[in-house]
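So you can see what is in the structure, the chains are spelled out below.
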Amino acid sequence: MLLTNPRIKVSWVNAHAGNIVNEIADQLAKDATQHGQPYSLTKLTKPHIKGLLRKSMLEEWQTSWKKGDTGRKIYNIMPSVSLRPTNWIREDVIFFSRHGPFLAYLKRFHLSDSDYCSCGGIGTALHYATECMLTVSWHMRKPAPNFEQEWLKRVANSLVSRHKIRMIVKFMSENRDLFQPP
């Protein structure tokens with residue numbers, strides 16, 4: 001029955017805990033053994049059990065990711081969890097989470113006196129990727145304000161764009177003083 005219906009979940013429940021479903025299952029089990037229903041041990045294969053556990057774990061992880069209150073910037077780019085690696089490196093995470101050498105982020109945590117870049121713009125990750133004169137070598141086209149989220153998704157899925165992002169973050173990390181306002 002378990003093999004033909006993957007929606008059935010097997011879990012341990014404390015016996016006689018007042019759970020009505022548990023009490024019904026207990027009564028059905030007693031009836032089956034007392035009234036001639038033969039007991040049969042269904043052998044589940046290891047790969048089948050692993051598949052059920054993997055599916056259950058991914059569903060639980062997805063629910064937690066969807067309802068969570070942290071990592072929302074990354075969630076907006078990657079709303080679905082997966083066991084496949086993203087192949088993101090440190091610089092990718094820094095840029096897409098916007099937690100890094102960006103003056104707007106540093107100012108928020110009182111690690112910088114100003115959120116303005118030395119070029120005069122507000123030092124957000126988007127600023128450095130699209131308009132800062134200090135990172136012009138790696139610029140990408142600036143998205144319209146209402147398409148910023150879609151732009152971030154496209155950049156995250158493009159190896160060329162991610163290479164540019166990596167170069168910007170490395171350059172900023174190695175030249176912090178260059179970006180400080182006068």
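Whatever comes next refers back to the structure up there.
Because the structure is a prediction, the values reported are computed rather than measured.

Each value, and the rule that gives it
- By convention here, each chain's residues receive numbers from 1 onward along its written sequence.
- Residues qualify for local features only when their pLDDT is at least 70, as the model is predicted, and side-chain atom pairs are given and counted only at 80 or more; totals for whole chains, interfaces and linings, by contrast, use all residues.
- Hydrogen atoms and water are omitted, and side-chain values are computed over all heavy atoms in the structure.
- Any carboxyl oxygen of Asp or Glu within 4 Å of a side-chain nitrogen of Lys or Arg constitutes a salt bridge here.
- To qualify as a helix, a DSSP run of H or I must reach at least 4 residues; to qualify as a strand, a run of E must reach at least 2; elements of each kind are numbered from the N terminus.
- Exposed residues in this analysis have more than 50% of their type's maximum accessible area, buried residues have under 20%, and partly exposed residues fall in between, with area computed by a 1.4 Å probe over protein chains only.
- To count toward a patch, a residue needs a relative accessible area above 30% and no salt bridge. Like charges then connect within 9 Å, nonpolar side chains (Val, Leu, Ile, Met, Phe, Trp, Tyr) within 5 Å.
- Computed with a 1.4 Å probe, the accessible areas rest on the Shrake-Rupley method; for each residue, only the protein chains presented here act as cover.
- Given the number of residues in a helix, its expected span is that number minus one, multiplied by 1.5 Å.
- Along the arc lie the directions from the helix axis toward the C-beta atoms.
- Any two residues having at least one pair of non-hydrogen atoms within 4.5 Å are treated as being in contact.
- The criterion is simple. A nonpolar core is a set of buried Ala, Val, Leu, Ile, Met, Phe, Trp, Tyr and Cys residues joined through side-chain atoms within 4.5 Å.

So, the pattern of salt bridges
Counting across every chain of the model gives four salt bridges. Arg-162 serves as the salt-bridge partner of Asp-92, at 3.5 Å between the closest nitrogen and oxygen. On the criterion of sequence distance, the pair formed by Asp-92 in helix H4 (residues 90–97) and Arg-162 in helix H8 (residues 159–174) is long-range, its members being 70 residues apart. In this structure Asp-92 comes out as buried when scored by relative accessible area, which is 0%. Between Arg-166 and Asp-92 there is a salt bridge, with the nearest N and O atoms lying 2.7 Å from each other. Of this pair, Arg-166 sits in helix H8 while Asp-92 is found in helix H4, placing the two residues 74 residues apart along the sequence. Classification of Arg-166 as buried rests on a relative accessible area of 18%.

Considering a nonpolar patch on the surface
Judged by side-chain polarity, Met-57, Trp-61 and Leu-83 come together as a nonpolar surface patch covering roughly 290 Å² of accessible area. Mapped onto the elements, Met-57 comes out in helix H2 (residues 46–67). Taking relative accessible area as the criterion, Met-57 reaches 37% and is therefore assigned partly exposed.

Some words on H8
Taking 1.5 Å of rise per residue, the 16 residues of H8 would be expected to cover 22 Å, and the 22 Å separating its terminal C-alpha atoms lies within 8% of that figure. When we look at burial in H8, the residues that qualify are Ser-161, Arg-162, Ile-165, Arg-166, Ile-168, Val-169 and Met-172. Down the axis of H8, the buried side of the element spans an arc of 160°, and every buried residue falls inside it. The outward face of H8, more than 90 degrees from its buried face, is lined by the exposed residues Leu-159, Val-160 and Glu-174. Considering only its buried residues, H8 is in contact with H4, helix H6 (125–130), helix H7 (148–156) and helix H9 (176–179).

Things to note about the nonpolar core
Soluble globular proteins: nonpolar side chains tend toward being buried together. Core analysis: the largest hydrophobic core is formed by 26 residues, its most contacted members being Phe-95, Phe-96, Phe-102, Tyr-128, Ala-129, Trp-151 and Ile-165. Elements supplying a minimum of two residues to this core: helix H3 (72–77), H4, helix H5 (103–108), H6, H7 and H8. In this view, Ile-165 contacts Glu-91, Phe-95, Ala-129, Met-140 and Val-155; residues no more than four positions away in its chain are not counted.

Some details on the side chain of Ser-161
For Ser-161, the position within the fold is in helix H8. Beyond its immediate stretch of four places on either side in the chain, Ser-161 contacts Met-140 and Val-155.

What is shown is where atoms sit, not what they do.
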